[in-house]
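Observations on the three-dimensional arrangement
As a plain string of letters, each chain reads:
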Amino acid sequence: MAAWDLSVTVEDLGLDAPPVTISVASDLHIGGVILKLVEKTQIKQDWSDHALWWEQKQRWLLRTAWTLEKYGIHADAKLVFMPQHKPLRLGLPNGITLRLRVCFSNPVFQTVMGICRMLNIRHPEELSLLRPMEEKKKKKDKNLAPEIYDLTEVPLSSGTRITFYLHCRWLDSSRCLLQQGIQENDKLWLRFKYYSTYDMDPKYDAVRLTQLYEQARWAILLEDIDCTEEEMMLFGALQYHISKVAQSEPQIMSNNPAMDDLDSALQSLEVKMEGEGSSASDLPKRLTLKGYKQYWFKFQDTSISYFKSKEESIGEPIQMINLKGCEVAPDVNVAAQKFLIRLLIPAPEGMNEVYLRCENEQQYAQWMAGCRLASKGKTLADSSFQSEIQSIRSFLAMQKTNSSSSSANASEESINTHSLVSPRYHKKYKPKQLTPRILDAYQNVAQLSLTDALMRFLQIWQALPDFGLSYVVVRFKGSRKDEVLGIAPNRLIRIDLSVGDVVKTWRYNNMKQWNVNWDIRQMAIEFEGNVNIAFSCVTADCKIVHEFIGGYIFMSTRSREKSETLNEELFHKLTGGHEAL
Amino acid sequence: MDQLSDEEVEIREEEEEEEEDSDKEDQDLDKMFGAWLGELDKLTQSLDDGRSERPPQEKPPLRQETNIANFSYRFSMYNINEALNQRENVDLDALMADLCSIEQELSTINAKPNSSGSMARLGITDTKVRTIIPLVAGSGTIRAPAGQHGRPALASNFSLDDITAQLEKRVRGGQLEADPRFSELWSLSSVSSVCSCDSHRFTGTLSFFFKHSYLDRETSLILRNIAGKPSHLLTKEEQAAKLKAENIRVALEKIKEAQVKKLVIRVHLSDESSKTMMVDERQTVRQVLDSLLEKSHCGYSADWSLVETISELQMERIFEDHENLVENLLNWTRDSQNRLMFTERIEKYALFKNPQNYLLGRKETCEMAERNKEALLEECFGGSSVSVPEMEGVLWLKEDGKKSWKKRYFLLRASGIYYVPKGKAKASRDLACFLQLDHVNVYLGQDYKSKYKAPTDYCMVLKHPQIQKKSQYIKYLCCDDVRTLQQWINSIRIAKYGKQLYINFQEAMRRSEAAYDWSSLSSSSIKSGSSSSSLPESQSNHSSQSDSGVSEMTSSGHTRSQSVVSSIFSDAWRRGTQGEVRSCSHSVFLPSSVCLCSAFAHVSPLLSYQ
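Since the structure is predicted, the reported quantities are computational estimates derived from the model, not experimental observations.

The next thing to look at is the overall build of chain A. For chain A, the count of helices and strands is 13 helices and 23 strands. Counted over contacts in chain A with a minimum sequence separation of 6, partners at least 24 positions apart contribute 58%. Approximately 28,400 Å² of chain A is accessible, and the part contributed by carbon and sulfur atoms is 50%.

Written out as structure tokens, the structure reads:
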């Protein structure tokens, strides 16, 4: 067979180096080509990761046993010899950008698997890569931490609550990076794509959990997902708590139950002594507006009882109030030295409102902590008592720094409401108004451990009505206007773009089949009961929509198998499109 | 101590006119128990009195703790006593069965006792007194001498010896087998009272035995004969009997130590009859339902519910299976007219039987293939988070303190119920929070059209469970139709309980399947074995089922055995006391003849045992 010259660009020789020319025959297999190439360069190094990339055809020549003829390569082919793994800048949900070496030759799905293995994230099928948003203002200081999510750059048009920009940028999971124009050192985002978290176990999923949390957090702060004011305050409180606990986490690690018991026993002793020694509180009844009367109070189990004086505290109390199941709210103004505990105590007749006025911060913190525990049915002997006191103290400290914000030196304890709630609420409320509301919500989560707080945040996020919806603009067959297709983990919804109302819901459970016509970029889906829909995609590529639907169906198959091995083949079948054929 | 007793009893059964058809035996039994319990209660009081009469310097430092110890005991005592004194038609039959089962459980706790060892372990010296009173039931009363009250002996270690002797004498001498009808059945029922008394605390536990449940005839006879005999003179058999009794006592000690609060409650059935039973503070609604089902032999269905009706507010709520019953009942006031109903309610689990009507946010009911239903449920409840069904629409809201109703657009979210303020769109951020669900339960309002001039009778109420009277903190909502109402109520339940609701349903379904398997099994096993020895020696403790460590099989096995015990007793009792069987509550509820057969299958062979 006749020999002919094949020129190959060897990346390792540098960009400007001329291509290496080798003499080959058409029946030479790719492995032989590579061998010749390596010999010619005379560089001694590990070439095992290298492979040939055919530039015109945008494909890797990975089958080393195939001949040049079989691949259809002739003398005019532009081949590049380069490593399959190359560095990539990877933006994580928490704003950190990593530089790591990823595979450019395998389908993105496998590349993500590799990345997740490196980052120790289980269930990589839930994540994918997407192109970052165009960075409009390059002049911005690069050192500003989350360069991706800069709140100031987000247009706050109140009209459109649906965001489409994200979903048109997902990479095709069945093709490799290089095929999709991603070059070495390019920047991509790693995100959770399918909102169907499977088998989350904080024990093994530390990274996964935090990254998912960060993604959820930003989705809320950027109002990618809508929530009510109450929910926003709770999200804010949880964020505050999580960031606080995350800083002090190492100290909390000692988790010896025996020690815990001993500690709590000792603590309860302290409390008893202090409680009986120095705590005379006032009891203002609602009816006497300003007339606070002083009584001697005693805290026992989950009840408080009060006496005319300390001397009479051995006898029968004037009244004993069981706090189990009651609502406890702070009414505090540090500047005015007002320390009120508002108790809403359920009784057969309704709720009784009782205010306890404490003399000082110290006393307030203790009694407030006691009331909170008692409302949950816990006694002062509970191990969480001290930490409860601590969290109330820090709450007071925050108020202090906040009230004197003129000299606010952003101490660690101060609460930066800007990072906790979406910009809408900064406009609506002053920080002075926002802080107490967040802190009010904070009281209910202050006891959560870091993991529990993260899980709680995700739970509330997942319970939002619009959770898990990815939107694309489509045009339904026979319709003249653009409409929105929402893709959820279990259903498709059709939304009227002008009103924002859900017009129709289709569930995957009833789905019989779907087809994609790649030429006219149209999807046709058939549901049980002879329901057929067809639409063409406007904002995102057809492949993206196809992959979303197939991907969610794949996610729903996981629960039945409960196996650790990922059924890659099935995923590819469901999402690959014509690549899969 | 006296003012404490007021607080102790936070629950009372509704006073009720005596049923006309309640037979004489019932009353006789009532009397007997009433008197008997009254006696014990007095003893308790006298003990308490005695202690509180002590000079203050002798007061134990752990006074509070002592009170708690007493609390649990007196709580149940008071209830039984009260119920009986009010001449209510207490379902002693059922109550007995409960007590029997408690006994039986406890008897298994200490399987290999060492007589002297356990004595020593429990500190049985002359400071603690153990008494077993063989009591032959009669219609007469037993009275302890008045002199027992406030005995000076209380100052030191109190002894019950004398009282026991008195009781015993009276029983034997006066009323022994006075009623021939009873002799057949009750020829030897022993009632044991174990009291331990030391300077710091007094606790007691009351228990009843029947030959069928624990002590057989021989043992009881022996025990009666050896009363007072010095231990070294006892024969082998006598010692064995004593050992047996000892086991019971040890078990009772255990129960006392556990200090489990028990309530005697009255459960109303839909035919206006009622049952009295004892519930343990740890029992879930599911467990109580199970034992009610076992006792009433009604065909098992997941729809059986315990329903709380608050007549003063004209509302009701089906308790969820995972809820703690006692905790809920303690919300009732002392003079409460509330009722606890045991009844079948299809709406309890309709949500899971036809999920398509609740979870899909559809306006109209529709059919769905079973496999799709399962898939839908799995999808909604199987994952890590449960999404709340999308419920929104116009509802009527009752204005505070007025009888007028206002229309408002309400939305349900996991974080609570919201409404759209006037002039706003229904974008999430503009929603106003109506209420959050953490502290409230959802109730069904009854007949509010006439009570509150509601637009329709399809009303739901949201309130804190502790609120029992009219209050501004109760929120009333009215729907246009019953379907909307049911959708709202169920969606609120999902928002409130999430996955737990589905777990409850699955558990209920599992039990109903198991119940059918058992009904065929039980008839054969009982036939072959003798009555008392055939009882499975289950190691599982009925009350400890709430600890969730007990596997399903053992626990259900146990409740079954309890059912057998109670049915043996109830049938024997009925047959012995009268010719015709009074319309017993359970047969009324059998939904089909098939169930009737299976329910009676394991009872009938035992009737020949008489």
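Turning our attention to the pattern of salt bridges. Residue and element names in this part refer to chain A. Under the defined criterion, the tally for this structure stands at 44 salt bridges over all chains. We note a salt bridge from Glu126 to Arg208, for which the minimum N-O separation is 3.0 Å. Taken as a pair, Glu126 in the loop between α3 (108–119) and β8 (127–130) and Arg208 in helix α4 (residues 206–221) lie far apart in primary sequence, 82 residues in all. Asp331 is the partner of Lys338 in a salt bridge, and the nearest nitrogen-oxygen pair spans 3.2 Å. On the basis of relative accessible area, Lys338 is assigned to the partly exposed category, the value being 28%. The class of Asp331 is partly exposed, set by a relative accessible area of 25%. Within the structure, one salt-bridge network assembled from shared partners comprises Arg122, Glu125, Glu126, Asp199, Asp205, Arg208 and Arg558.

Moving on, we come to the interface of chain A and chain B. Contact with chain A, which involves 34 residues of that partner, is made by 33 residues of chain B. For the pair chain A and chain B, the two sides together bury roughly 2,800 Å², of which 45% comes from carbon and sulfur. Its largest share of buried area at the contact with chain B, chain A owes to Glu230, Pro348 and Met351 of chain A, together 18% of the area lost on that side. Across the contact surface, chain A and chain B share five salt bridges. When the shortest N-O distance is used, the salt bridge between Arg371 of chain B and Glu528 of chain A registers 3.9 Å. At the boundary of chain A with chain B, the tally comes to eleven residue pairs in polar contact (both at pLDDT 80 or more). Within the residue set of the side of chain A that touches chain B, elements represented by two or more residues are α5 (229–252), β15 (338–347), β16 (350–358) and α9 (423–428) of chain A. Of the residues in the side of chain A that touches chain B, the class split is ten nonpolar, nine polar and 15 charged.

What follows is about the confidence of the model for chain B. Residues and elements named next belong to chain B. For chain B, mean pLDDT is 62; residues scoring 70 or higher make up 45% of the total. Note on residues 109–215: pLDDT is under 50 here. Beyond four places in sequence and across chains, it has 229 contacts. Low pLDDT (under 50) marks residues 522–610, which in the prediction has 137 contacts with non-local residues, meaning those over four places away or in another chain. Reported confidences for the modelled complex are a pTM of 0.65 and an ipTM of 0.74.

Our focus in this paragraph is the packing of aromatic side chains. Under the defined criterion, the tally for this structure stands at 37 aromatic pairs over all chains. Pairing Phe410 of chain B with Phe434 of chain B gives two aromatic rings, centres 5.0 Å apart and planes at 75°, and the pair type is edge-to-face. You can see Phe410 of chain B sitting in strand β10 (residues 405–413) and its partner Phe434 of chain B sitting in strand β12 (residues 432–435), a full 24 residues away along the chain. Judged by its relative accessible area of 0%, Phe410 of chain B is buried. Residue classification places Phe434 of chain B among the buried positions, given a relative accessible area of 13%. Linked through ring pairs, Phe109, Tyr194, Tyr508, Phe548, Tyr552, Phe554 and Phe571 of chain A together constitute an aromatic cluster. Here Lys86 of chain A stacks its cationic end above the ring of Phe104 of chain A, 5.9 Å away from the centre of that ring. One cation-aromatic arrangement involves Lys398 of chain B over Tyr452 of chain B; the distance from NZ or CZ to the ring centre is 4.9 Å.

Looking now at the packing of α4 of chain A against helix α11 (residues 450–462) of chain A. Residue and element names in this part refer to chain A. Running from N to C, α4 and α11 cross one another at 45°; their axes reach a closest spacing of 10 Å. Considered as vectors, α4 and α11 are oriented oblique to each other. Considering only the axes of α4 and α11, their crossing is left-handed. Between α4, through Leu209, Thr210, Leu212, Tyr213, Ala216, Arg217, Ala219 and Ile220, and α11, the contact on the second element is made entirely by Thr451, Leu454, Met455, Phe457, Leu458 and Trp461. Split by residue class, the contact of α4 with α11 holds eleven nonpolar, two polar and one charged.

Residues and elements named next belong to chain A. With respect to the helices, strands and loops of the structure, Arg169 is situated in the loop between β8 and β9 (187–192). In this structure, the C-alpha to C-alpha distance between Arg169 and Leu129, residues 40 residues apart in sequence, is 8.6 Å. Not counting residues within four places of it along the chain, the set of residues in contact with Arg169 comprises Leu129, Leu130, Arg131, Pro132, Met133, Trp189 and Ile544. In this structure the side chain of Arg169 is engaged in a polar contact, spanning 2.6 Å, whose partner is the backbone oxygen of Arg131.

What counts as what
- Residues numbered from 1 in each chain as written.
- Chains lettered and ligands numbered in written order.
- Predicted model: local features only at pLDDT ≥ 70, side-chain atom pairs only at ≥ 80, totals over all residues.
- Heavy atoms only, no water.
- Helix = DSSP H or I, 4+ residues; strand = E, 2+ residues; numbered from the N terminus.
- Contact = heavy atoms within 4.5 Å.
- Areas by Shrake-Rupley, 256 points an atom, 1.4 Å probe, with all protein chains shown as cover.
- Salt bridge = Lys/Arg side-chain N within 4 Å of Asp/Glu carboxyl O.
- Buried < 20%, exposed > 50% of the residue type's maximum accessible area, 1.4 Å probe, protein only.
- Buried area = accessible area lost by both parts, 1.4 Å probe.
- Polar contact = N/O pair within 3.5 Å; in protein donor to acceptor, adjacent residues only side chain to side chain.
- Nonpolar A, V, L, I, M, F, W, Y, C, P; charged D, E, K, R; others polar.
- pLDDT = per-residue confidence, 0-100.
- Phe/Tyr/Trp six-rings, centres within 6.5 Å; stacked < 30°, edge-to-face > 60°.
- Lys NZ or Arg CZ within 6 Å of the ring centre and 35° of its normal.
- Axes fitted to C-alpha atoms, helices over the stretch in contact; angles between N-to-C directions.
- Parallel < 35°, antiparallel > 145°, perpendicular 65-115°, else oblique.
- Left-handed = near helix turned anticlockwise from the far one by under 90°.

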